[in-house]
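Close look at the chain arrangement
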Amino acid sequence: MENVDLSKEGLVGWLEENDEQRVKALLDSAYNIKAKNIGTKVFLRGLIELSNKCSKNCCYCGIRNANKSVARYELSEEQVLDAALFAWKANYGSLVLQAGERTSLAYVKKVTHLVQQIKHLSNGELGITLSLGEQESDVYKEWFDAGAHRYLLRIESSNPDLFAKIHPRDGHHSWERRLKAILDLKDIGYQTGTGVMIGMPYQTSEDLADDLLFMKNIGIHMVGMGPYLKHSQTPMGELYNEEPNLELSLKMVALLRHLMPRINIAATTAMQVIDKYGREKAIMAGANIIMPNMTITEVRKEYQIYENKPGIEDDAAISKGKLEENLRTQGIEIGWMEWGDSKAFGDSLQMKNK
Ligand code: 5AD
Ligand code: SF4
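The rules behind each value
- Residues numbered from 1 in each chain as written.
- Chains lettered and ligands numbered in written order.
- Predicted model: local features only at pLDDT ≥ 70, side-chain atom pairs only at ≥ 80, totals over all residues.
- Heavy atoms only, no water.
- Helix = DSSP H or I, 4+ residues; strand = E, 2+ residues; numbered from the N terminus.
- Rg over C-alpha atoms; globule rule 2.2 N^0.38 Å.
- Buried < 20%, exposed > 50% of the residue type's maximum accessible area, 1.4 Å probe, protein only.
- Contact = heavy atoms within 4.5 Å.
- Lys, Arg positive; Asp, Glu negative; His and termini not counted.
- Charge placed at Lys NZ, Arg CZ, Asp CG, Glu CD.
- Near = heavy atom within 4 Å.
- Polar contact = N/O pair within 3.5 Å; in protein donor to acceptor, adjacent residues only side chain to side chain.
- Areas by Shrake-Rupley, 256 points an atom, 1.4 Å probe, with all protein chains shown as cover.
- Nonpolar A, V, L, I, M, F, W, Y, C, P; charged D, E, K, R; others polar.
- Core = buried A, V, L, I, M, F, W, Y, C linked by side-chain atoms within 4.5 Å.
- Arc of directions from axis to C-beta.
- Pairing = 2+ DSSP bridges.

Some words on the overall build of the protein chain
The helix and strand tally for the protein chain stands at 14 helices and nine strands. For 354 residues, the compact-globule estimate of 2.2 N^0.38 gives 20 Å, and the protein chain sits close to it at 19 Å. Overall, the C-alpha framework of the protein chain stretches about 55 × 45 × 40 Å when taken along its three principal axes. Expressed as a percentage of the 354 residues in the protein chain, the buried residues total 56%. Within the protein chain, contacts between residues at least 6 apart in sequence are counted, and of these 75% link residues at least 24 apart. Within the protein chain, the 48 negative side-chain charges are centred at a point lying 4 Å from the centre of the 43 positive side-chain charges.

Thoughts on the site of ligand 1
Ligand 1 sits among Tyr60, Cys61, Arg154, Glu156, Met197, Pro227, Tyr228, Leu229, Ile305 and Tyr306. At 2.5 Å from an oxygen atom of ligand 1 is found a side-chain nitrogen or oxygen belonging to Glu156. Separating a nitrogen atom of ligand 1 from a backbone N or O atom of Leu229 is a distance of 2.6 Å. Taken by itself ligand 1 offers 400 Å² of open surface, and the protein chains cover 86% of this. Here the shell around ligand 1 is composed, by residue class, of eight nonpolar, no polar and two charged.

Some points on the site of ligand 2
Surrounding ligand 2, one finds Cys54, Lys56, Cys58, Tyr60, Cys61, Ile63, Arg64 and Gly100. Grouping the constituent residues of the shell around ligand 2 by class yields five nonpolar, one polar and two charged.

Describing the nonpolar core
Leu130 and Met225 are the most contacted members of the largest nonpolar core, which has 100 residues in total. For this core, the element with the highest residue contribution is helix α9 (residues 246-259), accounting for nine residues. Not counting residues up to four positions away in its chain, the partners in contact with Met225 are Arg154, Gly195, Val196, Ile198, Leu212, Met215, Met252, Val253, Leu256, Thr268 and Met271. Counting six residues, the second largest nonpolar core, distinct from the first, contains Val96, Ala266, Ile289 and Met291.

Focus: helix α5 (residues 137-146)
Listed as buried for α5 are Val139, Tyr140, Trp143 and Ala146. Buried residues of α5, viewed axially, fall in a sector of 125°; they line one side. Opposite its buried face, α5 presents the exposed residues Asp138 and Asp145, each directed more than 90 degrees away. Count one or two residues on from α5 and you reach Gly147, which has phi positive near 130°.

Comments concerning the pairing of strand β3 (residues 127-131)
Counting buried positions along β3 yields five of five residues, so the element is predominantly enclosed. Residues Gly127, Thr129 and Ser131 point to one face of β3 and Ile128 and Leu130 to the other, with burial holding for every one of them. In this structure, strand β2 (residues 94-99) lies alongside β3, joined through five bridges in parallel fashion. In the strand pairing of β3, Leu97 is matched with Leu130.

That's the geometry; what it means functionally is another story.
Given below as structure tokens:
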């Protein structure tokens, strides 16, 4: 296809492009860039939602602290290790441990211990990604030393004013603090991931173009981004917003692949909410990571950051089976037993050692 203009104006133009054939050409070109730079395999990360307890109150999120209709849970160590063992035996290369944000010392130590035990039970084979919110840098370091090697922390929006609109002004939600945490993670040596929500109230195409350029400018190694979905028990759920639109998320993935050919990009669950094959479509538009849910069925329904989350009645084996079937029908190959680390991260290490 013609050269894709990746200036801010060019990105805005693509985000607002409605011509079906031009959009298809953009997505196809992103797939080709992925194939050329990092290959076409998809890597899986089994997702374990450790706990829905959260000290924060993000205005969009269904498990925000102020939502009293959520039954709060915390998996026992045994439940987590069972799930990890399942993932390992099922030939998954990596796990993601995700939870709401908590910072108590007891909690920090619990996570450290879990990471160590998962490493131990899998002979060091399972790669571990953490997604546990903002923490002090010495906590990030402790978890890194315990064996976690990737961390996801979304900036949510690269625009500080928009960030301020979608978070409460209670002194606990700061864009600068979030950015510092992301940079701390990079400094410590994590493969660092960030991301944004797409199609939020107040968000413009310029904001989304800036989000893509922000990811490029900070040299992020991994990205997970997806459509914003209303949750009725949240302050933002009451605001008017247009219907979520998968195509906008696919264009974001495709443009990011053009900007950053060698990073890992996730096809996120939120994409699957608005289209049964949303994740597979994202793979065809340049994404290369999927995070199948491994959380035990009993608590899945309590981890609804947005409504209509798919698969809440399923168990880990069913989620895995459905996904494999979907990928197979689309001819998409899975990288079993492989970590599937970000090639962009490997490149950055090589640069440092030169
Ligand atoms: N819609 C889409 N994504 C959401 N997240 C939280 N709430 C929503 C929502 N209503 C995303 C945020 C957060 C991640 C854990 O889930 O980007 O970082
Ligand atoms: Fe907590 Fe994360 Fe939800 Fe914010 S988005 S309320 S930090 S779980």
